[in-house]
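Summary of structural features
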Amino acid sequence: MKLDPMASYRRLLSYAMPYKLRLIQAILIGGLFAASTGAIPWALQHSFGAVFGDSGGTEPSEGPVGLGGWVLPEWTGEMLPGKKSSEAGGPSEALQAVSDEGSAAGGGEQGNRAESLHNSPRSLWHILPYAALIPLLGLLRGLFDFGNRYLIGWVGDRAVMDMRNELFAHVHALSLGFFHRNHTGQLIGRVTSDCQMIQRAVSSVLSDLIKQPITLVVLIGYVFFRNTLLAVFSLILFPLCVLPVIMYGRKVRRASSKAQRKIGDLVDILQETFTGARIVKGFCMEEHEADRFSSHAQNLFRQQVKILRSSSIVEPVIVFLSCLGIGAALVYCFQVGMTHNEFLGFATALMLMYEPVKKLSRIHLTIQQSLAAAERVFQVLDEEPEIADPPNPVTLPSIREAIRFSGVDFAYDSSGNVLEGIDLEVRAGTVVALVGPSGGGKSTLCNLIPRFYDPTAGSVSIDGHDLRTLSTRSLRAQIGIVTQETILFNTSVARNIAYGKPDATASEIEDAARRANAHRFIVELEQGYDTVIGERGSRLSGGQCQRLAIARAILKNPPILILDEATSSLDSESEYLVQKALDELMADRTVIAIAHRLSTIQHADTIVVLVHGRMQEVGTHEELIACNGVYERLYRMQFQKQAWTIDEPRP
Ligand SMILES: Nc1ncnc2c1ncn2[C@@H]1O[C@H](COP(=O)(O)OP(=O)(O)OP(=O)(O)O)[C@@H](O)[C@H]1O
Ligand SMILES: [Mg+2]
């Protein structure tokens, strides 16, 4: 998807808009920073004139240089307001007097001369304000710089925090299909490294975008004010700086976008191999994974070098161009016979000007980098959830009649239907079991009930309400799911049980744990219900994890229950405990259960055999055994303790 960079940039800035007030403060302080920067060459020129006299130039001095004749009186208290410093005895006049005195007294009076300069209260008073002026300006400039940076940085960080929060909430509002289509690593990359890239860029860009142009304008104004011709002469090369900036900006953006994708790839590998560390070790794949990681890291490095090359070349070019300008100015000064004080102020202004130009050029590169990251973030933010509430969603009351599948077809993608022609009724308070070969579509069928996906044809309804007319919140609030893969979070046992009901009391949690046959093992843990169970419950056994998941479902107390192979991969004792927990959970609920062990669903009210997405057989255990079909075959195979993965129904 191609995005318009300007639109992305405006959108990026819109995140800073809620903090307008701070931005305005920052702009004002940025203006003060610019003014204090512009005052430095001016102050330098005058201070040099005051301290060393203005006799260094070939051009006749226009008299002793005061600070415009109106600044000094405020500091010294000696001179009258409005009185020219030359009238009150300018600093260079004082120096001149000292020098005259020295020559009258002869060369042997050097010490006396120094002493007289030192002891003369009048001349010291005149030098001190000049000496204090530079640090004072430096201090002010520093304070304004700090204020500007702090405020802008605050707005930048805050704006990106808002964006990151929005991104996280948005990703979770998206449908399951989105998670299947996108790599976890890329998604993590967008929330972490893309946002971080934007954060860095927004802060530096906002700060410099305000401060540097003002500084530049002030300095340009200053040099033009001092000497228009010289200014034109030395600034004539500045527009050339734009060329490398634009040229390399494009390259930086392209490389940045690739680099961010590469970071996503790296996070992908990290995520896969860290969570699958046991498998990596078990198959001795450490070296292979290290190679895979290093080859992706190499790709990232290549993009980073491209960015580095493009962004490093711009500054030297600009420095060279400004040096050319200064060289040209030198020649000009010699030609017109400028005083060195005047030239000093001028050259300082040119040098100071180089910084904003340099920074502005860097801004462009940074903007290109941040836009590449912002576009990746906006792509996710612009994803519409495929499953969304209708404009006026119906709140689902507790189920009374049935869940009904009518002519349901479903396909994940263009590769064909996974479910076809499903007509099924699950009456309230009954247990419907789904059996069949692996890949037959059992889990898929279950996923349609909480509306994780919408059917591609037909409809699923509860008590006559098509799921697409319901508020998904109210729908999912009624459904408890115990999945094939037990998902636990790295917090305490109690918080895991209370996951769907954060306000549950301790006794409610304990009651749920007891009914799930989990209480006994929980109290034997080191810190009982407060034990943190490790990532994905890694400190617990498979059966313990499942019983926690069942306790979680019991606590939620949903009228509809989906059990997706909840007793897989357990030894007999665990299975017995889990099965007892499940019986407790299933009591008085509407249940759709998938189980590979047919013994566990023999008492289901209805058993549906799902083969290749079609309902092959429907009936009770006895009926299905009697009709000698797929179910009977599966049952016999299990009975004979054979492995029971079949891919094709018996002809
Ligand atoms: N997210 C997905 N995207 C694309 N295809 C999928 C997705 N999930 C499952 N499938 C495909 O849909 C078909 C049905 O899968 P499903 O998980 O429903 O089977 P199942 O009956 O639950 O199998 P098992 O008994 O092994 O759990 C399979 O062919 C599978 O490859
Ligand atoms: Mg399944």
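This text gives an overview of the structure that appears in the document. This one's a predicted model, so the numbers in the text were calculated from it and none came from an experiment.

Turning to the overall build of the protein, a few remarks are in order. Regarding its fold elements, the protein presents 23 helices and ten strands. With 651 residues in all, the protein has 47% of them scored as buried. Across the protein, every contact between residues at least 6 apart in sequence was considered, and the portion connecting residues at least 24 apart equals 77%. As displayed, the protein has an accessible area near 32,800 Å², and 58% of this comes from carbon and sulfur atoms.

Before going further, it helps to examine the environment of Q304. Among the secondary structure elements, Q304 is positioned in helix α13 (residues 286-336). Taking the relative accessible area as the measure of exposure, Q304 reaches 39% and is therefore partly exposed.

A separate point is the packing of helix α9 (residues 184-226) against helix α14 (residues 340-381). Following both chains from N to C, one finds α9 and α14 inclined at 155°, their axes separated by 6 Å at the closest point. In this view, α9 runs roughly antiparallel relative to α14, as classed from their interaxial angle. When you trace α9 past α14, the crossing you get is left-handed. Looking at the contact of α9 with α14 residue by residue, the class counts come to 25 nonpolar, nine polar and seven charged.

Quick look at the sheet that holds strand β5 (residues 465-466) now. Spatial ordering of the open sheet is given by β2-β1-β4-β5, a layout of four strands whose pairing is antiparallel. Of all the strands in the sheet, the pair left with one neighbour each is β2 (419-427) and β5. Judged from the six bridges that link them, strand β1 (residues 402-410) and β2 form a sheet pairing that is antiparallel. Along β2, the bridge assignment pairs R404 with E425.

As a rule of thumb, non-glycine residues mostly have phi less than zero, and peptide bonds are mostly trans rather than cis. The residue H612 is not glycine, and still its phi comes out positive at about 50°. Inspection of the secondary structure assignment puts H612 in the loop between β9 (606-611) and β10 (614-619). A positive phi angle is found at N628, which is not glycine, with a value near 55°. The topology assignment puts N628 in the loop between α22 (621-626) and α23 (630-639).

By size, the foremost hydrophobic cluster in this structure holds 49 residues, and its most contacted members are I497, I522, L548, I550, L563, L585 and I601. When residues in this core are grouped by element, the largest group, eight residues, is from helix α20 (residues 542-556). In contact with L548, not counting residues within four places along its chain, are L488, V493, I497, F521, I522, I533 and L540. In terms of nonpolar packing, the next biggest core, distinct from the first, is built from 40 residues, A39, Y222, A347 and V357 among them.

Here the focus is the pairing of strand β4 (residues 457-462). Bridge analysis of β1 against β4 gives five bridges, and the strand direction is antiparallel. Along β4, the bridge assignment pairs I403 with I462. Sheet topology note: the β4/β5 ladder contains two bridges and is antiparallel. Paired with S461 across the strands is D466, a residue of β5. Counted along the chain from β4 to the antiparallel partner β5, the turn is two residues long, and its residue D463 has a positive phi close to 50°.

In this section: the pairing of β9. Each regular strand shows side chains that alternate between the opposite faces of the sheet. Where burial is concerned, most of β9 is hidden: five out of the six residues are buried. In the sheet, strand β3 (residues 431-435) pairs with β9 via four bridges, with the strands oriented parallel. Counterpart to V435 in the pairing with β9 is V609. Bridge analysis of β9 against β10 gives five bridges, and the strand direction is antiparallel. Residue pairing across strands places I607 opposite G619, the latter belonging to β10. The hairpin turn running from β9 into β10, its antiparallel successor, is two residues long, and H612 in that turn takes a positive phi close to 50°.

A cluster of basic side chains, namely R250, K251, R254, K258, R261, R302, K306 and R309, defines a positive patch on the protein surface. Tallying contributions element by element places helix α11 (residues 242-275) first for the positive patch, with five residues. Positionally, K258 belongs in helix α11. Since its relative accessible area comes to 36%, K258 is described here as partly exposed.

The topology assignment puts H296 in helix α13. Under the relative-accessibility criterion, H296 is labelled partly exposed at 21%. Sequence spacing of H296 and I263 is 33 residues, and the spatial spacing of their C-alpha atoms is 8.5 Å. Beyond its immediate stretch of four places on either side in the chain, H296 contacts D265, L266 and I269.

Attention now moves to the pattern of salt bridges. With the rule as written, the count across this model stands at 18 salt bridges. R181 is the salt-bridge partner of E383, the closest N and O atoms lying 3.8 Å from each other. Remark: R181 occurs in helix α8 (residues 176-181) and E383 occurs in the loop between α14 and β1; sequence separation between them is 202 residues. Note on E383: relative accessible area 28%, which makes it partly exposed. With relative accessibility at 47%, the residue R181 sits in the partly exposed group. One salt bridge in this structure joins R636 and E632, with 3.3 Å as the shortest N-O distance. Residue R636 and its partner E632 are both found in helix α23; the two are separated by four residues, about one turn of the helix. Looking at R636, the relative accessible area reads 34%, which means it is partly exposed. Salt bridges here are not isolated pairs; linked through shared partners, they connect R181, E383 and E386.

This next bit is on the sheet that holds strand β8 (residues 590-594). If you walk across this open sheet you meet the six strands as β6-β7-β8-β3-β9-β10, and the pairing is mixed. Single-partner strands in this sheet number two, and they are β6 (479-482) and β10. With strand direction ignored, the average angle separating the axes of adjacent strands in the sheet is 15°.

Assignment of secondary structure puts S370 in helix α14. Classification of S370 by relative accessible area gives buried; the value is 2%. Here the side chain of S370 touches I367 through a polar contact of 3.0 Å, landing on its backbone oxygen. With sequence-adjacent residues up to four places away left out, S370 is seen in contact with L12, M197, I198 and A201.

We now examine the packing of aromatic side chains. Following the criterion strictly, the structure yields nine aromatic pairs and no others. Ring centres of F146 and Y150 lie 6.0 Å apart, and the angle between their planes is 20°; on these two criteria the pair is classed as stacked. Taken together, the residues span about one helical turn, with F146 and Y150 both in helix α7 (residues 121-173) at a distance of four residues. F146 sits in the exposed class, given a relative accessible area of 56%. On the numbers, 5.3 Å between centres and 90° between planes, the contact of Y412 with Y453 is edge-to-face. Here the residue Y412 occupies a position in the loop between β1 and β2, and Y453 occupies one in the loop between α15 (442-448) and β4, the gap between them amounting to 41 residues. For the cation-ring pair, R11 lies above F378, with the distance from its terminal atom to the ring centre recorded as 4.1 Å. Over the ring of W154 we find R22, and its NZ or CZ is 3.7 Å from the ring centre.

Reading the values: the criteria
- Residues numbered from 1 in each chain as written.
- Chains lettered and ligands numbered in written order.
- Predicted model: local features only at pLDDT ≥ 70, side-chain atom pairs only at ≥ 80, totals over all residues.
- Heavy atoms only, no water.
- Helix = DSSP H or I, 4+ residues; strand = E, 2+ residues; numbered from the N terminus.
- Buried < 20%, exposed > 50% of the residue type's maximum accessible area, 1.4 Å probe, protein only.
- Contact = heavy atoms within 4.5 Å.
- Areas by Shrake-Rupley, 256 points an atom, 1.4 Å probe, with all protein chains shown as cover.
- Axes fitted to C-alpha atoms, helices over the stretch in contact; angles between N-to-C directions.
- Parallel < 35°, antiparallel > 145°, perpendicular 65-115°, else oblique.
- Left-handed = near helix turned anticlockwise from the far one by under 90°.
- Nonpolar A, V, L, I, M, F, W, Y, C, P; charged D, E, K, R; others polar.
- Pairing = 2+ DSSP bridges.
- Core = buried A, V, L, I, M, F, W, Y, C linked by side-chain atoms within 4.5 Å.
- Patch = residues over 30% accessible without salt bridge, like charges linked within 9 Å, V, L, I, M, F, W, Y side chains within 5 Å.
- Salt bridge = Lys/Arg side-chain N within 4 Å of Asp/Glu carboxyl O.
- Lys, Arg positive; Asp, Glu negative; His and termini not counted.
- Charge placed at Lys NZ, Arg CZ, Asp CG, Glu CD.
- Polar contact = N/O pair within 3.5 Å; in protein donor to acceptor, adjacent residues only side chain to side chain.
- Phe/Tyr/Trp six-rings, centres within 6.5 Å; stacked < 30°, edge-to-face > 60°.
- Lys NZ or Arg CZ within 6 Å of the ring centre and 35° of its normal.

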